[in-house]
Amino acid sequence: MKLLPVQKKVVLMTRDLRQSRVDFALLKEAISSHHPEYRIKVIRHKKLSAGYLIAALREMYHLATCRGILVDGYIIPVSVLNHRKDLPVGQIWHALGGFKNFAYMVTGTPEGPDPKVAQVMRMHQNYTFMCAAGTVPTEIFARAFHIDRELIKPLGAARIDYLLDEQRTAAAREKILTRYPELATGRTVLYTPTSRRGRGIPYQRLAAAFAQQADDADTLVIIPHPQDKTELPADNGTLIGTEFNVLDWLTVADVVITDYSAVTYEAALLDIPTVYWAYDLEEFRASRGLPMENYEEAVPGPVVKTSKEAVAQCLPPVECDYRPWRQQHLDFICEPDGELPRQPPRCAEKIVAELKLD
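Residues numbered from 1 in each chain as written. Predicted model: local features only at pLDDT ≥ 70, side-chain atom pairs only at ≥ 80, totals over all residues. Heavy atoms only, no water.

1. Quick word on the packing of helix α8 (residues 203-213) against helix α13 (residues 307-314)
Between α8 and α13, the least distance of the axes is 9 Å, while the angle of their chain directions is 50 degrees. Classified by the angle between their axes, α8 and α13 sit oblique to one another. Judged by the sense of rotation from one axis to the other, the crossing of α8 with α13 is right-handed. Residue-level contacts link R205, L206, A209, F210, Q212 and Q213 of α8 to S307, K308, A310, V311 and A312 of α13. (Axes fitted to C-alpha atoms, helices over the stretch in contact; angles between N-to-C directions. Helix = DSSP H or I, 4+ residues; strand = E, 2+ residues; numbered from the N terminus. Parallel < 35°, antiparallel > 145°, perpendicular 65-115°, else oblique. Left-handed = near helix turned anticlockwise from the far one by under 90°. Contact = heavy atoms within 4.5 Å.)

2. Some points on the pattern of salt bridges
Per the counting criterion, the structure on display carries 22 salt bridges. For the salt bridge of D23 with R159, the shortest nitrogen-to-oxygen distance reads 2.8 Å. Taken as a pair, D23 in helix α1 (residues 17-34) and R159 in helix α6 (residues 158-163) lie far apart in primary sequence, 136 residues in all. Neither residue differs from the other here; D23 and R159 are each classed as buried. (Salt bridge = Lys/Arg side-chain N within 4 Å of Asp/Glu carboxyl O. Buried < 20%, exposed > 50% of the residue type's maximum accessible area, 1.4 Å probe, protein only.)

3. Let's talk about the layout of surface pockets
Quantified by volume, the second largest pocket comes out at close to 520 Å³. As for the second largest pocket, its lining consists of 25 residues, and the residues nearest its centre are D161, Y162, L164, D165 and P344. For the lining of the second largest pocket, the secondary-structure elements that each account for two or more residues are α1, α6, α7 (166-179) and α15 (347-354). Element by element, the count of residues in the lining of the second largest pocket is highest for α1, at five residues. Looking at the lining of the second largest pocket residue by residue, the class counts come to 12 nonpolar, four polar and nine charged. (1 Å grid on protein atoms, 1.4 Å probe; cavity = no way out; pocket = protein on both sides within 12 Å on 5 of 7 lines; lining within 4 Å. Points joined across faces, edges and corners; volume = space filled by probe spheres on them. Nonpolar A, V, L, I, M, F, W, Y, C, P; charged D, E, K, R; others polar.)

4. Some thoughts on the packing of aromatic side chains
Applying the stated criterion across every chain yields a total of 18 aromatic pairs. Between W93 and F102, the ring centres sit 5.5 Å apart and the planes meet at 25 degrees, which makes this aromatic pair stacked. Of the two residues, W93 and F102, neither departs from the other in class, the shared state being buried. Taken together through their ring pairs, the aromatic side chains of F99, Y260, Y265, Y276, F284, Y295, Y322 and W325 make up a single cluster. Here the guanidinium or amino end of R179 rests over the ring plane of Y180, the centre of that ring lying 4.5 Å away. In this arrangement the basic side chain of R205 is found over the ring face of Y279, its NZ or CZ atom lying 5.7 Å from the centre. (Phe/Tyr/Trp six-rings, centres within 6.5 Å; stacked < 30°, edge-to-face > 60°. Lys NZ or Arg CZ within 6 Å of the ring centre and 35° of its normal.)

5. What about the sheet that holds strand β12 (residues 303-304)?
The six strands lie next to each other as β9-β8-β7-β10-β11-β12, forming an open sheet whose pairing is parallel. Taken across any chain shown, the strands that pair with only one partner, and hence form the sheet edges, are β9 (238-240) and β12. Bridge analysis of strand β8 (residues 219-222) against β9 gives three bridges, and the strand direction is parallel. Looking at β9, one finds that L220 is bridged to T238. (Pairing = 2+ DSSP bridges.)

6. With respect to the nonpolar core
Counting residues in each nonpolar core, the largest one holds 92 residues, and the members touching the most others are L27, F145, W249, Y295 and L330. Among all residues touching Y295, those that are not within four sequence positions of it are D259, Y260, Y276, A278, L281, R285, L290 and V303. Formed by 21 residues, the second largest nonpolar core is a distinct cluster that contains Y191, Y203, A310 and L315. (Core = buried A, V, L, I, M, F, W, Y, C linked by side-chain atoms within 4.5 Å.)

7. Comments concerning the environment of L81
Within the fold, L81 resides in the loop between α3 (76-80) and β4 (89-91). It is 30 Å that separates the C-alpha atoms of L81 and F99, two residues lying 18 residues apart in sequence. If we skip the residues at most four places from it in the chain, L81 touches M60, L63 and N126.

8. Focus: the sheet that holds β4
Read from one edge of the open sheet, six strands run β2-β1-β3-β4-β5-β6, paired in parallel fashion. Taken across any chain shown, the strands that pair with only one partner, and hence form the sheet edges, are β2 (39-44) and β6 (152-153).

9. Re the packing of α1 against α15
Direction vectors running N to C along α1 and α15 enclose 65 degrees, while the axes themselves pass 9 Å from each other. The element α1 and its partner α15 pack so that their crossing is right-handed. Residue-level inspection shows L26, L27, A30, I31 and H34 of α1 in contact with α15, the latter providing A348, E349, I351 and V352. Considering only residue class, the contact of α1 with α15 consists of seven nonpolar, one polar and one charged.

10. So, helix α2 (residues 52-65)
Look at α2: 20 Å from first C-alpha to last across 14 residues, which is about the 20 Å you get at 1.5 Å a residue. Among the residues of α2, Y52, A56, E59, H62, L63, A64 and T65 are the ones counted as buried. Where α2 is buried, its residues meet β1 (9-14), β2, β3 (68-71) and α3. (Expected span 1.5 Å × (residues − 1).)

Written as structure tokens, this is what we have:
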């Protein structure tokens, strides 16, 4: 297929379009604005299955005939195949950093692939550059992807443009408040946990504690992890936030409850206080692992063990100064003192420029 003519085409590939919808939309805008002659092909890569052969041939055709590739995760044909030597392949990743182990960090653990399988499948190979928003994420990405540091570029992520765009976030907030007008009167607490393989998430426990401690006007919004199948609360004034993406929900959130999720990065860009309900910290550390030596000191907010403590830290929200944390984790796009950027960072444009389409 590489013998076919190369087209003016950029391929964006993902395994979960929901996580990258905003990133892909802004990258498409940047490509169309600066390279209107280029066609954009978005491909949702599905896991190997009996019917994958036809899809695989289609993917190979587009990879063989495009001028640039951007992916947000491990995409088998991107890493396994031998591409043209001059083909730029960028890893934009679907998280701005890492509070839990992932990629090569989890090989050989109960929640990761077998190291031999990862080697045979050339996991996370063929990238010509990777995007990062700060010094700490760069260090973690280098370890997680076995990628040379010089290939990790200070380009940020397209979602950063979205979160720092007041017009876009105001429109997202208005959209949610129109759908749920009751959120305008009380405090909105957003719970967005990470997944646990083979273990459920105690949504019910948090909802019960919230119902006991919160005012009637306050609302708990649960954003279930896409891979989690735990039963969700059906009452207690709890909203299940699958109707909108987490970036939009952050525009109405007064405080975030999480655990080991990288949502902290997005919350930091909106200065939303974050509480870390690490009820299974030791178990999670043993089963999957954490990239930081001291989780309790690394996170920029209070760490609690019980659902009652989590709710108590939210109502009213804890004080949070993200500036020292942003100086290490988001220093590529923020001011040297940790203040938010005074000028739009234009991350999407920088990422597209790295494809060298001209």
